[in-house]
Amino acid sequence: MGELDPSIIVIFGASGDLAHIKIFPALYALWSEGFFPDSFFIIGFARTGMDDETFRKTILDALNVNCRKKPVNENDFLNFSKHIFYLKSKYDDKASYEKLGKFVEAKALEYKIPKNIVYYLSIPPSIYVNVIDGIKNANLTADNFKKGGFSKLVVEKPFGYDYDSAKSLNSEILSVFKEKEVYRIDHYLGKETVQNIFAFRFANAIFEPIWNNKYIDHIQISALESIGVGSRSGYFDESGVIRDMMQNHMMQLLSAVAIEPPAIFDADDIRNEKAKLLKSIRPYSLNDVKNFVIRGQYDRGEVCNKPVVSYKEEAGMPKDTITDTYVALKLFIDNYRWAGVPFYLRSGKRLKKHKTEIVVYFKKLPYSLYGRDGVEKIKQNSIIITIQPNEGIVINFGAKMPGFEMDIEPVSMVFNYKSSFKLSPPDAYERLIYDIIIGDQTLFARYDSTLIAWQFITSIINGWRKIDTPAFPNYEANSWGPKKADRLINADGRVWNNN
Ligand code: BG6
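Thresholds applied
- Residues numbered from 1 in each chain as written.
- Predicted model: local features only at pLDDT ≥ 70, side-chain atom pairs only at ≥ 80, totals over all residues.
- Heavy atoms only, no water.
- Helix = DSSP H or I, 4+ residues; strand = E, 2+ residues; numbered from the N terminus.
- Rg over C-alpha atoms; globule rule 2.2 N^0.38 Å.
- Buried < 20%, exposed > 50% of the residue type's maximum accessible area, 1.4 Å probe, protein only.
- Contact = heavy atoms within 4.5 Å.
- Areas by Shrake-Rupley, 256 points an atom, 1.4 Å probe, with all protein chains shown as cover.
- Core = buried A, V, L, I, M, F, W, Y, C linked by side-chain atoms within 4.5 Å.
- Domains from an automatic or database assignment.
- Near = heavy atom within 4 Å.
- Polar contact = N/O pair within 3.5 Å; in protein donor to acceptor, adjacent residues only side chain to side chain.
- Pairing = 2+ DSSP bridges.
- Axes fitted to C-alpha atoms, helices over the stretch in contact; angles between N-to-C directions.
- Patch = residues over 30% accessible without salt bridge, like charges linked within 9 Å, V, L, I, M, F, W, Y side chains within 5 Å.
- Salt bridge = Lys/Arg side-chain N within 4 Å of Asp/Glu carboxyl O.
- Expected span 1.5 Å × (residues − 1).
- Arc of directions from axis to C-beta.

Scanning the protein chain for helices and strands turns up 15 helices and 17 strands. Taking 23 Å as the expected radius of gyration for a compact globule of 499 residues, we find that the protein chain reaches 24 Å, a close match to that expectation. Judged by the C-alpha coordinates and their principal axes, the protein chain covers about 80 × 50 × 45 Å. For the protein chain, the proportion of its 499 residues judged to be buried stands at 55%. For the protein chain, contacts bridging at least 24 residues in sequence account for 76% of all contacts bridging at least 6. For the protein chain, the accessible area works out to roughly 23000 Å², and carbon and sulfur atoms hold 53% of it.

Dropping the structure here:
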């Protein structure tokens, strides 16, 4: 990893939460590790009226709360903040984009650098189109730069609302930018632990030969959160877990654990394999949506001995909301490797534990040498890949208990990031922003996979419209979710890993 090219990062929505909580802390971390040259600038583009100094102060306050390396050293920040500028702008105003164009022009001349611009959409999706049009009409894409340079567009999730809206958003974007200039962010892909799934599978000779339906019984993917929706009711109530987590993060985790090895470890080959994998998910019939997809919404409860409100009672929430705060589903991947292996996915808010993990369960012993009850008593081998917290990988197997009896007990071999590498991994956004600037799209969603994932998720959303909504709320805060989600997996003789 070396010094990055001179670049100008324009953050639309720079006064908002995402910019303060994630984007600026990542930029600061990259800058303090020496990745940015002198000719690097950040332009905040937003509606709030403020000058450069006031904007810089909001960034400092945010870094002191959200930065990986806090407290922030004042002198360091002073040097960093010289690269930050603010343009009070309107998203649908021609003059705002012309002003932006002039600023970029001036910096490029002053530093004798090409116009290398990253446009970061940290704004509500409803105004994406305004911004994309603004950029186009002011001729601010690389196609219009006379002396070279790049223009890249970073799009945050949610990428669309369903299949049709994602498709038309894609067309809007691709009418101005080329696919190789578009970076669709899914921050799960920037997590070290998610990237390590590829290393675990493809950099070791011992796992891949057994990574198939001959040896694997089933796979569970869980992204469980103990927090509620907090202050995000407006956004969340439009999305639900199905759009907020299942369409993106969960589909990415599924892809990581299930894709075929790519021919070469590069953006195109990996993303080709992901598209192939997502295409192989068996489509749901309406009956499948009824039987294989369980939705829930949280009720009141107690978290850390404090009462918490139900989802319907969260601030700003419509009282008759039928939005899902929990989804569990069973799916099948119809290909040679995975035929017959069920994948159980679940994600929800206000659950008993905060953990994101993938558990691969291997088939039961065909026959036990250790007495008649042995087969039932001996636990299935499993591999637990913990994405967060306590990032690591655990392999569970059976071992003989010391003593005169042949007693088999479950034991574990543990790999833990912190103890093995003595390093805390960089935040996902640091890695992603670095990759955007160097132009590596491996960790970004490509248009085809995004649409294929939407196709599957939209079939669920459409199915829900045709069947009765469960009586919400249907799970208590600080529980493991709706009882029906247990029944979904128990009916197949299996249980969720709730350890
Ligand atoms: C975001 C969702 O994309 O991911 C949030 O919008 C969710 O609702 C968050 O809480 C989870 O991310 P992480 O990194 O905390 O697992």
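This next bit is on the nonpolar core. The biggest cluster of nonpolar side chains holds 149 residues, and the ones touching the most others in it are F12, L331 and F343. Among the elements that make up this core, the one with the highest residue count is helix α8 (residues 233-258) (12 residues). There are two domains that each give this core at least three residues, and those are domain 1 (8-156) and domain 2 (189-427 + 448-490). Leaving out residues up to four positions away in the same chain, F12 has contacts with F45, Y91, Y97, L100, Y119, Y120, L121, S122, I123, V131 and I135.

We now examine the site of the ligand. In the vicinity of the ligand, the contacting residues are K157, H187, Y188, K191, E225, R232, D244, M245, H249, K349 and Q388. Between the ligand and D244, the relevant distance is 2.6 Å, taken from an oxygen atom to a side-chain nitrogen or oxygen of the residue. Contacts to the ligand include Q388, whose side-chain N or O atom sits 2.5 Å from an oxygen atom. Isolated, the ligand exposes 400 Å² of accessible area, and the fraction of that covered by the protein chains is 80%. Here the element with the most residues in the shell around the ligand is α8; it accounts for 3 residues.

Now for the sheet that holds strand β9 (residues 298-303). On the basis of which strands lie adjacent, the open sheet formed by 3 strands has the order β10-β9-β17 and mixed pairing. Either end of the sheet is taken by a strand with one partner, and the two such strands are β10 (306-308) and β17 (475-477). Within the sheet, the average angular offset between the axes of one strand and its neighbour, ignoring direction, is 25°. As paired elements, β9 and β17 share 2 bridges and run parallel to each other. Across the sheet, residue G301 finds its bridge partner in β17, namely A477.

On to the domain arrangement of the protein chain. Looking at the protein chain, the domain boundaries give domain 1 (8-156) and domain 2 (189-427 + 448-490). Taking only C-alpha atoms, the centre of domain 1 and the centre of domain 2 are 36 Å apart.

Another aspect to go through is the side chain of E156. Tracing the backbone through its elements, the reader meets E156 in the loop between β5 (149-155) and α6 (163-174). In terms of polar contacts, E156 uses its side chain to reach the side chain of Y120, at 2.7 Å. The contacts of E156, once residues within four sequence positions are left out, are L18, Y120, L121, Y128, I185 and Y429.

A surface patch of nonpolar side chains, amounting to about 470 Å² of accessible area, comprises Y367, L369, Y370 and M406. Here Y370 is to be found in the loop between β13 (355-362) and α11 (374-377).

Attention now moves to helix α9 (residues 267-279). Taking 1.5 Å per residue as the helical rise, α9 with its 13 residues ought to reach 18 Å, and the 18 Å between its terminal C-alpha atoms agrees with that figure. Of the residues making up α9, those classed as buried are A267, D269, I270, R271, E273, K274, A275, L277 and L278. Contacts made by the buried residues of α9 are with α7 (192-202), α8 and α14 (447-466).

Tallying each qualifying case throughout the model produces 22 salt bridges. The salt bridge partner of R446 is D448, with a shortest N-O separation of 3.0 Å. By relative accessible area, R446 is classed as buried at 10%. Shared partners join several salt bridges into a network, and the residues in it are R201, E208, E260 and R337.

Our focus in this paragraph is helix α4 (residues 94-111). For α4, with 18 residues, the first-to-last C-alpha span of 26 Å sits near the 26 Å given by 1.5 Å per residue. Considered for burial, the residues of α4 that qualify are S96, Y97, L100, G101, F103, V104, K107 and A108. Along the long axis of α4, the arc covered by the buried residues comes to 160°, so they all point the same way. Seen from the buried face of α4, the exposed residues on the opposite side, beyond 90 degrees, are K94, K102, L109 and E110. As for α4, its buried residues are in contact with β1 (7-12), β2 (40-46), β3 (84-88), β4 (115-121) and α5 (128-137). Looking one or two residues past α4, K112 carries a phi angle of roughly 50°, positive in sign.

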